[in-house]
Every structure is written in C-alpha cells, then in structure tokens.
Amino acid sequence: MALAKRQILVTSALPYANGAIHIGHLVGYIQADIWVRFQRLRGHDVVYLCGDDAHGTPIMLRARQEKLAPEQFIARMNQEHQADFARFDIVFDSYYSTHSPENRVLCERFYERLRQGGHIAQRPVEQFFDPVENIFLPDRFIKGTCPACGAADQYGDSCDACGKHYAPTDLIDPRSVVSGATPRRKSSPHLFLQLEDFRDQLGGLIRGGMVDAAVANKLQEWFGDRLKDWDISRDAPFFGFPIPGQTEKYFYNWLDAPIGYLASLAHYLRAEPAEAEDFWRAPGRETYHFIGKDIIYFHALFWPAMLLGAGLPPPGKLCVHGHLTINGGKMSKSRGTFISAEQYARHLDPQALRYYFATRLTATPADIDLHFGDFIARVNSELVGKLANLISRAAGPLAKLLEGRSGAAAPAAGAMLADFRTAAPEIATDYENRNYAGVTRRICALADMANKYVEEQAPWSMVKTAPEAARSVWSTALECGRILTIYLKPILPRFAEKVEQCLGLGPLAWADVEQVLSPRRLAPFEHLAGRIEERKIEVMVRENQTPVAPAAVAGPVAATSDRPTSGGSWRAGNESPKSPLGPTGAPSAIAQAPVTAEPLAATCTIEQFNAVDLRVARVLSAEPVQASEKLMRLELDLGALGRRTVLAGIKKAYSAEQLVGRQVIVCANLAPRKMKFGVSDGMILAAGAGGTDLALLSVESNATPGQRVH
RNA sequence: CCGAGGGUAGCUCAGCGGUUAGAGCAGGGGACUCAUAAUCUCCGGGUCGUGGGUUCGAUUCCCACCCCUCGGACCA
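None of these values were measured; they are calculated from a predicted model.

**Student:** Lay out the sheet that holds strand E9 (residues 184–193) in plain terms, naming residues and giving numbers.
**Tutor:** Across the sheet, four strands lie side by side as E5-E4-E9-E10; this open sheet has antiparallel pairing. This sheet does not close on itself; its edge strands, each paired only once, are strand E5 (135–136) and strand E10 (230–231).

This is the structure in structure tokens:
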C-alpha cells in the first residue's frame, strides 16, 4: 500500500501526581494507546508522550503530610503511575514529569515570548493568606460562613447550602483549612495572560476542526463573553518553577502542565528543549491531544494561546473523551466502585478492560459506563466465546489430530475470506475516527461468519475420512483468526502476540491482511483470553468497600444539611440500591448488603440529648421548591408553638400529596437557617441515605402537634 | 433557572429521510461436540419519550412538552 507515512505526535493528559491512577483515568489512556497502536500498525511514525503533572499547592501539602520532600513524593507517584500504565499495556515513548529541567527551560521560553509579545499583564490580587503557614490559600483551602445565607463551614468559592457563588474574600469568619488560623487578606501582584489577545485565532481554531462539533458547542459557553485574563502566577511558597524577573513568584502548574508535553518530547528526543520545539513545528507534523472533557478549557483556550504567543503551531486536534461511570452511577467509595488500576489488575485481566472500553468508545465526549453485568457478558461471549475460541477451535484440533500442521485454506471459503479482507478499510476508518465501538462490532460480525463456517463444514466429522479436507477447513478458520488478530491488535496487543507466536509469524502489520497464511507447523497454542468470573468482581468490590466516614451521617433530613457528605452516602442514595452487577447480573451477596454500615456516633449524655427539642408536627402544606432539585417547602403546625416553615431535602422521595396531613418529627429548637429560597425554621427527621431513599419518621395518631418527643 | 447531550427490545447500546428497525446479553425450543460448557439454528420480544409540523414518505428533519445525565464558578 502506498500510504504516505504520517508523522504523528500523540499526548495523553498528564495525571496529577497526588493520587493513584483509577479505572476512570484509564478510559482516556486506553483510548489513546489503542489509537497509537493502530497508527503504528499502519506503518505511520508515532511519538506517544505523557508524564506526571507534578506541581502545585496540593502536592506540596500532601508531601509535607507524608513527611517527604515534594521531589521524593512525586518521584514515588511517578513510579506508581508508570507501573499502573504498564499493567494495562499502555506504553509511552516518554513518561516524564513537569518537574524537570527541560520543562523549566521551556516554561521560561514560553513566558519570555509571551511577555515580549505584550500578552502578559500585571496587577494586584487580594487573597487570603495563612499567617501561620505563610502561604496564600487557594479557595478550596478556606472555609467560613456564607455571606449570603449565613451557612457555616462553607468553602471559599461557593455555598453548598444556598448555591451562591462568591469570592473567598467575601466569607464571614474565614478559616484556613491547613492551619485553622484566621487568614488575613493580603494583596500581591499577579501575572496574567491576556487571552482576549488571541480571541480571533482561537475562534478560528475552534471552528476550524481542532475540536469536534459537540466540544466546540460547549466552548461557546466561555467564548461568548470576552475571554478573561488568566492568572498564571502563584505566590511562594509553592512547589513549581520561579518566574524569571519576579521575586517569590511561581508559574501556576496549569501553565507548566501542557508545556510538559514538550518537555516529555525533549526527554524522548534526548535533546535540548529548543529541538523539541523544532520537532513540534516540523512541517507535516500532526499533533493529537487526548484529554478528558473536564480539561477542555485548558487545552482549547489556554494552551493554544500559549503556543500561538510563543510562535509555535497550535494543536492539530483535541480528542475529548467522557468520564467513566460504573453501573450507571459515579464511582463511589461506599459502593466499592472506586477502583484503582492496581486493584483492578490484581483481580481481573487488564485486556478484558481494554476490550470492554473499546466496545463502548466512540469519538463523542459522552460518558461511558462500565456496567459489570454487561462487562462480563461482552467479554465472555465476544472476546472469549467468539474471538479466542475461533482460533482455539482451529489450532487445537490441528495440533491434536493433524500433526500440528496447517494447510492451505479451503478454496470454497474464498468468498468469506474476501469479506474478511474487504472489511479492512472500514475498520481502519473506524479506528482513525476513534469509533472503537464500530471496530469491535465489525470484528464480531466477521467472527460470527467464521464460526458459522466451521460449524457448517463440521471438520470433526470429515477428519475421520478426509483428513486433508478437515485440515483445510481448520486452516481457513486459522486464517480468519489471523486476520481478526490484526484488526484486534491495537486493542489486544498480548492476545495478538500469542497468536503470532502460535502461527510462527513475526509482528503482524495492517498490510498483512492481504497476505496468505502459508502451510506451517504450529507452535503450542496458548490460552488467549480468560473468562471473567463474577465472583472475582464481587471480591474486588467488597475489598474496596470502605466504611462510610462518621461525618457522613445521612439520617436526619435536615434543611440545613442538604448537601452531599464526604463519604458519598448521600449521593449513593440518589439511586435505589442495586446489585453491583446491575440488573442483568445474577443476584449476589452484595446486592443484599446494607447501603452503608454507619458507625455509631460517640456516646452522648442525657443532657446533650435533651438539648435537642424534638416535636410532633403536622404538615399543613407542602410545595416543591421550583428551582431546587431536592428542596420541599413545608408549612408545619406545631400546636401551641405555632406554625413553622421548614425547607427539607425530600423532594425526590415524597410528593406534596404524600406529605400534607401527615405527622412528622421536627427538631424545633434548631437555629433558623437562611437559605436561597427562604428561611428554614427547623428540620424534619428521616432515615435513609437521601435522594429517593428516605423514610420519614412519623408517630401514632394519638400524638398531638406540638408534643415533645422524649 | 440557563446551556449541552440523551430518551430505540427485559438490560447495555448501534442505526438515522425511504424496502419487513439492528447487535450483544437475557428468555424459550432445537442441532453439534473440533474448541476456553465454547459454537450453530429457530422463536418470542420494540406504538424508536409524548404531542404537533415539514414531506410522496420520519425512529431519522423542525417546534413544543415530559423525563434523565452533565455543565453553568475567578479552580482554571
């Protein structure tokens, strides 16, 4: 084939070096790895780069917590990340780090050119400063009282109680999460990249195919207004690179992260950073960034602006993938579905995950679901039952019954083999467009044909009287298997390796589809892919199920605690409890397990208990709060105590009709709470995880509104 | 509330202006035994969210509505 050889540069997003790789991360890496392997199989030149995003305050603090120097900490994370990727056959040409000499030089070069181009502005920023730790605090490291509704213990960016957004400087009674000290407001000059300078160019890129339509659409959200300046500086102490010409200033790690792609390239080339830039801008070079939808902003706006400002070509294409859900829900620690790469690999076959992700991946940024029941079904029936079995049922009998020699394919099977070969361009197009779901569908359809062929020929019968005819049937099946192996090779490199070995072939390339498998002696056949046992998933999930933190008290449905708790049990309540295997999975022990095993709270005295004044109340009226997804506005009759308005997070579990007239238990002496939709004066009690899983407390009909509960 | 994406068989998903709407799994009946209890075959099963419209013709295009998911921040 006379395909022009493409020069392709592929990157995967740099994982942040403060945590382990989990199977959600793997979606994007497996997607990119498959694409890279496909391009190489076609004979193109690909350089595949990645590395750790190793800078920033969270890493600095985390290292300190572990009593390590940041450099030691990130070195360890780097090792762990590389080991995790290797387990899943994700192979980079260079896995580097943003904390590298090359990256420092590159950041300085970028910055200098941006500055000289007049794209950097300087102005003061007032932020909170922790006087004990002597650090400026990111918004998430500050808590305080919401200036809008008075809710306590809210983060520095927005209030979970009323939803109001504000600056951390607006908080009442702010505290540092790091030291607990009261932060001071402190002004400091910051450096900004003026994104608006690049508006026209960025708009052109977005409309010009750098991203797919769905992503371009999403970008309009930000692009509609004027583009805001981007603060690229952070104050000392900060784990990162100092900004030249400034004192006590560091590059924000989202500036050095994408530049890290070039640093990783320099590392791969074992060359000076300038040479990496030359490589990047070489004519005909195609660059592809594989990223998750959560970091579109950086890669579609900041990064191209940085490149343009530094005189380098913008990225060719951003390949955006969605996030992973498990059994239709978010990964959840309490449900045991927050699974690390290492944990998965310890219990299950990585190539099964590669295959399953492939069956679900398309070019859209839609989330993909790892549905355990479907996962088992797809892998066992398609990967094992159809694909591996096809080769096994051909190689096995040839070895056992026919001296381990394959022969020529059956002439009568010519039409089928032609179908196998003519599928190549369509499969290649699907690969090229990242439509791996299409790839696996086509491959399975071909495998069905081959299995059907073998079935109809029944070589096991003819082997008794016409062994050469049987040999040609099995050899035909083997040829089918060989071609399918080529098609599958980007997804299943180990599978392909074993087939190559059995057939005594060198590494198969895409062009080998057109070759013919000549008669040969077969090497011993190796098991290609194992079935997934449901039990192993159960064990993995159970091992992974951590007890819910005591903080995650989901019991009382309080107007004042209408927010997800740290343990995640509240969110878990948004779905009815179901088997980890999902509806199509067989019932399992876990399905019956309680949603959470909530630890007993600390012992309290009778005095402490008496401090809580619980009363019987009758619901006079109930009205769902329109603009809220959870809140219901209740008018309560507390007898002699009069009427109360309570906002309760029970909208998903109860309708207004179900509530009116009903008697409930209310905490009557709870401090009134101002919320976005009014003041809530008390809280009603219920059991359950939250969301739709709620059971209101009620009393026998002989209780009277206003009576105290003792 | 605003924006985006989606609602297609019991489940997970393809398809998309045009012949009787598909796949895998699940369910039911057969066949076969070479193969990792795999494979093959037949059957059942969908008013393609609801209501309008455009059209010779709509699941596929347009409008409205309902439901689900995700985003909406100076984190960037």
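**Student:** Describe the state of the cysteines, with residues and values.
**Tutor:** Evaluation of the coordinates by the stated rule reveals zero disulfides. Not part of a disulfide, Cys480 finds its nearest cysteine sulfur in Cys444, a span of 14 Å.

**Student:** Before we move on, can you summarise the packing of aromatic side chains with the specific residues and values?
**Tutor:** Following the criterion strictly, the structure yields 25 aromatic pairs and no others. Plain terms: the ring middles of Tyr261 and Trp303 are 6.3 Å apart, the flat faces sit at 70° to each other, and that makes the pair edge-to-face. Here Tyr261, found in helix H7 (residues 253–269), pairs with Trp303, found in helix H9 (residues 296–309); they are 42 residues apart in sequence, far enough to count as distant. The class for Tyr261 is buried, based on a relative accessible area of 3%. Taken together through their ring pairs, the aromatic side chains of Tyr29, Tyr48, Phe85, Phe92 and Tyr95 make up a single cluster. Above the ring of Phe129, the side-chain terminus of Lys186 is found at 4.0 Å from the ring centroid. One residue, Arg234, lies across the ring of Tyr252, its end atom 3.8 Å from the ring centre.

**Student:** Tell me about the sheet that holds strand E14 (residues 317–321), residues and numbers included.
**Tutor:** Strand order across the open sheet formed by five strands is E3-E2-E1-E13-E14, with parallel pairing between neighbours. Across the chains shown, the open sheet's two edge strands, defined by having one partner strand only, are strand E3 (94–97) and E14. For this sheet, the mean inter-axis angle between neighbouring strands, taken without regard to orientation, is 25°. Examined bridge by bridge, strand E1 (residues 7–12) and strand E2 (residues 45–52) share five bridges and lie parallel to one another. Pairing of Leu9 across the sheet is with Val47, part of E2.

Conventions adopted
- Residues numbered from 1 in each chain as written.
- Chains lettered and ligands numbered in written order.
- Predicted model: local features only at pLDDT ≥ 70, side-chain atom pairs only at ≥ 80, totals over all residues.
- Heavy atoms only, no water.
- Pairing = 2+ DSSP bridges.
- Helix = DSSP H or I, 4+ residues; strand = E, 2+ residues; numbered from the N terminus.
- Disulfide = S-S within 2.5 Å.
- Phe/Tyr/Trp six-rings, centres within 6.5 Å; stacked < 30°, edge-to-face > 60°.
- Buried < 20%, exposed > 50% of the residue type's maximum accessible area, 1.4 Å probe, protein only.
- Lys NZ or Arg CZ within 6 Å of the ring centre and 35° of its normal.
- Axes fitted to C-alpha atoms, helices over the stretch in contact; angles between N-to-C directions.

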